[in-house]
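Each chain, letter by letter, is given below.
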Number of protein chains: 2
Amino acid sequence: MLDQIRIVLISTTHSGNIGATARAMKNMGIADLALVDPVAELDSEAVVRASGAVEILDNAKIVGTLEEAVADCSMVIGTSARSRHIPWPLCNPRECASKAKQAAGQGNKIALVFGRESSGLTNEELQRCNLHVHIPTDENFSSLNVASAVQVLCYEMRMAALADTPDEEDLQWGVPWDYELATHEELERFYEHLEGTLVDIGFLDPNTPKQLMTRLRRLYGRVAMDKVEVNMMRGMLKATQRQANQSNSKK
Amino acid sequence: MLDQIRIVLISTTHSGNIGATARAMKNMGIADLALVDPVAELDSEAVVRASGAVEILDNAKIVGTLEEAVADCSMVIGTSARSRHIPWPLCNPRECASKAKQAAGQGNKIALVFGRESSGLTNEELQRCNLHVHIPTDENFSSLNVASAVQVLCYEMRMAALADTPDEEDLQWGVPWDYELATHEELERFYEHLEGTLVDIGFLDPNTPKQLMTRLRRLYGRVAMDKVEVNMMRGMLKATQRQANQSNSKK
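Calculation notes
- Residues numbered from 1 in each chain as written.
- Chains lettered and ligands numbered in written order.
- Predicted model: local features only at pLDDT ≥ 70, side-chain atom pairs only at ≥ 80, totals over all residues.
- Domains from an automatic or database assignment.
- Contact = placed C-beta atoms within 7 Å.
- Helix = DSSP H or I, 4+ residues; strand = E, 2+ residues; numbered from the N terminus.
- Nonpolar A, V, L, I, M, F, W, Y, C, P; charged D, E, K, R; others polar.
- Buried ≥ 20, exposed ≤ 12 C-beta atoms within 10 Å, placed from the backbone.
- Pairing = 2+ DSSP bridges.
- Axes fitted to C-alpha atoms, helices over the stretch in contact; angles between N-to-C directions.

### A short note on the domain arrangement of chain A
One can read the domain layout of chain A as domain 1 (2-162) and domain 2 (171-249). Relative placement of domain 1 of chain A and domain 2 of chain A: their C-alpha centres are 54 Å apart.

See the structure below:
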């Protein structure tokens, strides 16, 4: 999907924004950049802000019109600060990425079009788009930096592209965990050991246990401990019991 | 939700990045910025890049340590380029926003912590976080600009805030929770107490601590303890220390 997406900047006035756009694209695995009638040069500021994504600047197509930039694209998505006079199919970045993914799956090229720093896209340009996307900014401060808008859209495209990788085996909290989780039985033995230790140190009165073990089960139960953690905790309990036994035997 | 979120930048070296962070925050309706030991000045470059979000710079708290910046926060989320040696609960920005929304619904403050431009957060800083968030960048070009990372996270926070999801107040892990979550500071005092107790019972040798406290921070950090639980744990630690003191004094 990501190699079917083209980022199109129209009449950008700040070279730093073009550089930052290249960096944002490369971070998200998108490489195809077109500059329509750019005002800024690809100068040293652009290179600094590209920060290692210079090949995207080097390979950028520079064209005169939006038409040329999107000629081979089937889906042209315009970024819009707000809905204009003429209502247009408008979506948020997430819905936009979902539609783009669908189009990409059918072999289509997709253009994401970003307007001028000062004034965005013109109504004429917006009307050449299949779809408008609006990043939901605060209504009192709605003007996003253009490279920031590129960042958000490219991020959503990447999230959509990555979404069909369910293989979640051996994951806990989304990361490969280093050790196997403890079994139910190992946890039960831990709770027994914990309870015995709490009695030994005089913190738990077996005759009036109240809610203590319930609260501890709730705490340790929701943490999903691995085997190494359970062993570590039981080592701590053993050391605690040793102290309690010495203390009690010497009373 | 958005007014319960604090953005924390650590030792930022480029003033433009601080300005761009302020703009990204304001675009998404987030106003609370803390700068920990900043290297850059809030100079004209910062003001230019803030582009109208100058009051966020004016109101930014400048502090010396991460501790001070997050002392009143119950959920501290660190941005991480990749998983480190010891895996930590890791989520993507969308999952992160969902967890933050849940915590905010219970009245908690949330900190999103961003590291140095050159090297991110240190392992020690990451270990002070409850949760790590990773923006899924291309593996061959994974270093995001810090303000771009702020933009993506703030965008996801705003998307979560705007989503009219069912009323999840008073829920934790899907069930009604009875007490307020512990603050970062309360947790840190718990860790100190825990470490001291483990030394007292001879389980932790301060000269060769190995990874013990790291593993314990990972365990208790991911469980999101409430205030009652922390008090209960500290009661257990006190009872343990009493035994250890009696035992040691009678040797």
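Structure's up, so let's keep going.
### Considerations on the interface of chain B and chain A
Contact with chain B, which involves 51 residues of that partner, is made by 48 residues of chain A. When contributions to the side of chain B that touches chain A are tallied by element, the ones reaching two or more residues are helix 1 (15-27), strand 5 (90-91), helix 5 (93-105), helix 7 (146-162), helix 9 (212-223) and helix 10 (227-249) of chain B. A total of 10 residues in the side of chain B that touches chain A trace back to one element, the largest contributor, which is helix 10 of chain B. Counted by class, the side of chain B that touches chain A contains 26 nonpolar, 15 polar and 10 charged residues.

### Digging into the pairing of strand 1 (residues 5-10) of chain A
Residues and elements named next belong to chain A. Burial within strand 1 is extensive, with six of its six residues counted as buried. Residues Ile 5, Ile 7 and Leu 9 point to one face of strand 1 and Arg 6, Val 8 and Ile 10 to the other, with burial holding for every one of them. Examined bridge by bridge, strand 1 and strand 6 (residues 110-114) share five bridges and lie parallel to one another. Bridged to Leu 9 within strand 6 is Phe 114. Where strand 1 lies against strand 2 (residues 32-36), five bridges are found, and the strand directions are parallel. When the bridges of strand 2 are listed, Leu 9 appears paired with Leu 35.

### So, the sheet that holds strand 5 (residues 90-91) of chain A
Residues and elements named next belong to chain A. Taking strand neighbours across the sheet as the criterion, the seven strands line up as 3-2-1-6-4-7-5 in an open arrangement whose pairing is parallel. Among the strands making up the open sheet, the edge pair consists of strand 3 (61-63) and strand 5. Bridge count between strand 4 (residues 75-79) and strand 7 (residues 131-133): three bridges; the pairing is parallel. The partner of Thr 79 across the bridge, within strand 7, is Val 133. Across the sheet, helix 1 (residues 15-27) is in contact with strand 1 and strand 2; its angle to strand 1 comes to roughly 165°. On the sheet, helix 7 (residues 146-162) packs against strand 1, strand 4, strand 6 and strand 7 and is oriented at approximately 155° with respect to strand 6.

### Quick look at the sheet that holds strand 2 (residues 32-36) of chain B
By way of backbone hydrogen bonds, the strands of a sheet pair with one another, either parallel or antiparallel. Reading across from one edge, 3-2-1-6-4-7-5 (chain B) is the order of the seven strands in this open sheet, with parallel pairing throughout. Only two strands of the sheet have a single neighbouring strand rather than two, namely strand 3 (61-63) and strand 5 of chain B.

### Regarding unusual backbone geometry
The backbone of A:Ser11 shows a phi angle near 50°, a positive value even though the residue is not glycine. Tracing the sequence through the fold places A:Ser11 in the loop between strand 1 and helix 1. Judged by local crowding, A:Ser11 falls into the partly exposed class, with 18 C-beta atoms found within 10 Å. Phi is positive for B:Ala224, close to 55°, though the residue is something other than glycine. With respect to the helices, strands and loops of the structure, B:Ala224 is situated in the loop between helix 9 and helix 10.

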